[in-house]
Amino acid sequence: MQKNILIIGACGQIGTELTFTLREKHGSDVVIASDIREGNESLMESGPFELLDATDYDALEELIAYYEIDEVYLMAAMLSATAEKFPMRAWNLNMNSLFNVLNLAKEKKISKIFWPSSIAVFGPNTPRENTPQNTIMEPSTVYGISKQSGERWCEYYHNKFEVDVRSIRYPGLISWKTMPGGGTTDYAVEIYHKALSDKSYTCFLSANTSLPMMFMDDAIRATLELMESDYNTIKVRSAYNLSAMSFTPSEIAASITKHIPEFKISYEPDSRQAIADSWPSSIDDSKTQTDWGWRAAFDLERTTATMLENLKV
Ligand code: AKB
């Protein structure tokens, strides 16, 4: 039976590509895009779109009933750097939107949820290298606290009410179709744009700050593989660790220099440095590999080649 899918936060960095991929796979009419504001032209032209505030339960309930939605991808969130500036707004958006979809699933008005978690659930007391699936989690950022709490609620709703909610701890995501906004890992996208336009980039993190990262194609494939996995293979109902690569600003700069020899990077760390320093430098996703067969395809060199190739036209 054909399922109708709702994407909340469809105009953001992940939401845009998720919408295109799901529309290609299932057809445009059954994938409803929604966001608090309109997105870029190609997204708006690709299928049905609704303005939606994810914190408004009644509006969401109405939309779900109108389109007979079965599956929801909740991608709306305030990311790490912006959340530090607006803690209460971040908490309100990140938590209330999640409660709205969890409660709709509890009421059997939808049957499956994807909700993104993040490496931000970890904190300064977490082992930084090869961070395991289960370990110390004491996030020190507003965003991390909201994602950690969200994970606990997802697991609770699954255990208590059998809600089929699935989640991934995304690393920093690198993509060329839509810019990220308000995150600490955003430098790894900005750097490619600036390398092409200015042949130079001033990085807001220090040269040797290593963070887990992933190319968007891998992130979208992981999301769909998780959502398509058999119910019983999903053993983790908080969120799965997910890994592809880790690199520092100086390493990404070196990979760009192979394509643009005159490229220069300089460093002016700002308040985002403290956020990055509280996060893991690499992630152990062996549980994810075992449970649903995850394997990443893009390393740093392939990511750099693909980004520059697509951004230069
Ligand atoms: C951010 O930098 O806030 C996000 C994330 C790692 O969740 N990209």
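Scroll up a little and you will see the structure.
Residues numbered from 1 in each chain as written. Predicted model: local features only at pLDDT ≥ 70, side-chain atom pairs only at ≥ 80, totals over all residues. Heavy atoms only, no water.

Chemist: Would you take a moment to explain the overall build of the protein for this structure?
Modeler: Summing up its helical and strand segments, the protein has 12 helices and 14 strands in all. Reported as C-alpha extents along the three principal axes, the dimensions of the protein are approximately 55 × 45 × 40 Å. Buried residues in the protein amount to 54% of all 313 residues. Contacts in the protein between residues at least 24 apart in sequence constitute 79% of all its contacts with a sequence separation of at least 6. With an accessible surface of roughly 13,300 Å², the protein has 49% of that area assigned to carbon and sulfur atoms. Separation of charge centres in the protein, based on 29 positive and 43 negative side chains, amounts to 3 Å. (Helix = DSSP H or I, 4+ residues; strand = E, 2+ residues; numbered from the N terminus. Buried < 20%, exposed > 50% of the residue type's maximum accessible area, 1.4 Å probe, protein only. Contact = heavy atoms within 4.5 Å. Areas by Shrake-Rupley, 256 points an atom, 1.4 Å probe, with all protein chains shown as cover. Lys, Arg positive; Asp, Glu negative; His and termini not counted. Charge placed at Lys NZ, Arg CZ, Asp CG, Glu CD.)

Chemist: Sorry, what's going on with the site of the ligand here?
Modeler: What surrounds the ligand is the set Leu 79, Ser 80, Ser 118, Ile 119, Tyr 143, Gly 183, Thr 184, Thr 185 and Trp 279. One nitrogen or oxygen atom from the side chain of Ser 80 is found 2.6 Å from an oxygen atom belonging to the ligand. Thr 184 places a polar main-chain atom, nitrogen or oxygen, 2.7 Å from an oxygen atom of the ligand. The fraction of the free accessible surface of the ligand (250 Å²) that becomes covered by protein chains is 93%. A majority-of-atoms criterion places the ligand in the largest pocket. (Near = heavy atom within 4 Å. Polar contact = N/O pair within 3.5 Å; in protein donor to acceptor, adjacent residues only side chain to side chain. 1 Å grid on protein atoms, 1.4 Å probe; cavity = no way out; pocket = protein on both sides within 12 Å on 5 of 7 lines; lining within 4 Å. Sits in = over half its atoms within 2 Å of the grid points.)

Chemist: Before we go on, may I ask you to explain the side chain of Thr 248 in this structure?
Modeler: Among the secondary structure elements, Thr 248 is positioned in the loop between strand E13 (245–247) and helix H9 (249–257). By relative accessible area, which is 8% here, Thr 248 ends up buried. Among all residues touching Thr 248, those that are not within four sequence positions of it are Tyr 187, Ala 207, Asn 208, Thr 209 and Ser 210.

Chemist: How should I be thinking about unusual backbone geometry in this particular structure?
Modeler: Glycine aside, residues mostly have negative phi, and peptide bonds are mostly found in the trans state. Non-glycine residue Glu 162 carries a positive phi angle of around 55 degrees. For Glu 162, the position within the fold is in the loop between helix H6 (142–161) and strand E7 (165–166). Glu 162 sits in the exposed class, given a relative accessible area of 60%. A positive phi angle is found at Lys 199, which is not glycine, with a value near 60 degrees. Tracing the sequence through the fold places Lys 199 in the loop between helix H7 (187–197) and strand E10 (200–203).

Chemist: For this particular structure, what's the right way to read helix H5 (residues 87–106)?
Modeler: An α-helical segment advances 3.6 residues per turn. Residues three or four places apart therefore align on the same side. For H5, spanning 20 residues, the distance from its first C-alpha to its last is 28 Å, which sits close to the expected 28 Å at 1.5 Å a residue. Ala 90, Asn 94, Met 95, Ser 97, Leu 98, Asn 100, Val 101, Leu 102, Leu 104 and Ala 105 are the residues of H5 that are buried. Residue Lys 108 follows H5 closely and has a positive phi angle near 65 degrees. (Expected span 1.5 Å × (residues − 1).)

Chemist: Just to check I follow, could you spell out the layout of surface pockets for this structure?
Modeler: Gaps between atoms show up when a probe of the same size as a water molecule is rolled over them. One number sums up the size of the largest pocket: a volume of about 1,100 Å³. Listing elements by their share of the lining of the largest pocket, those giving two or more residues are helix H1 (13–26), helix H4 (80–85), H5, strand E6 (117–118), H6 and strand E9 (172–174). Class assignment for the residues of the lining of the largest pocket results in 22 nonpolar, 18 polar and seven charged. The space that makes up the second largest pocket amounts to roughly 150 Å³. Along the wall of the second largest pocket there are 12 residues; nearest its centre are Lys 3, Ile 5, His 26, Glu 71 and Glu 228. Of all the elements in the fold, those that place two or more residues in the lining of the second largest pocket are H1, strand E4 (71–74) and helix H8 (216–228). The element contributing the most residues to the lining of the second largest pocket is H8, with three residues. Partitioning the lining of the second largest pocket into residue classes produces six nonpolar, two polar and four charged. (Points joined across faces, edges and corners; volume = space filled by probe spheres on them. Nonpolar A, V, L, I, M, F, W, Y, C, P; charged D, E, K, R; others polar.)

Chemist: In this structure, what is going on with H8? I would like to understand it.
Modeler: Helix length check: H8 (13 residues) gives 18 Å between terminal C-alpha atoms against 18 Å at 1.5 Å per residue, within 8%. For H8, the full list of buried residues reads Met 216, Asp 218, Ala 219, Ile 220, Ala 222, Thr 223, Leu 224, Leu 226 and Met 227.

Chemist: Got a minute to help me understand the sheet that holds E9 in this structure?
Modeler: Note: strands within a sheet are paired through backbone hydrogen bonds, in either parallel or antiparallel orientation. Across the sheet, which stays open at both edges, the three strands sit in the order E9-E11-E13 with mixed pairing between neighbours. Every other strand in the sheet has two partners, leaving E9 and E13 as the edge strands with one partner each. Across the sheet, the mean angle from the axis of one strand to that of its neighbour is 45 degrees, orientation sign disregarded. In the sheet, E9 pairs with strand E11 (residues 211–215) via three bridges, with the strands oriented parallel. Following the sheet pairing, Leu 173 is matched in E11 by Met 214. (Pairing = 2+ DSSP bridges. Axes fitted to C-alpha atoms, helices over the stretch in contact; angles between N-to-C directions.)

Read these as layout, nothing more, since geometry by itself doesn't imply function.
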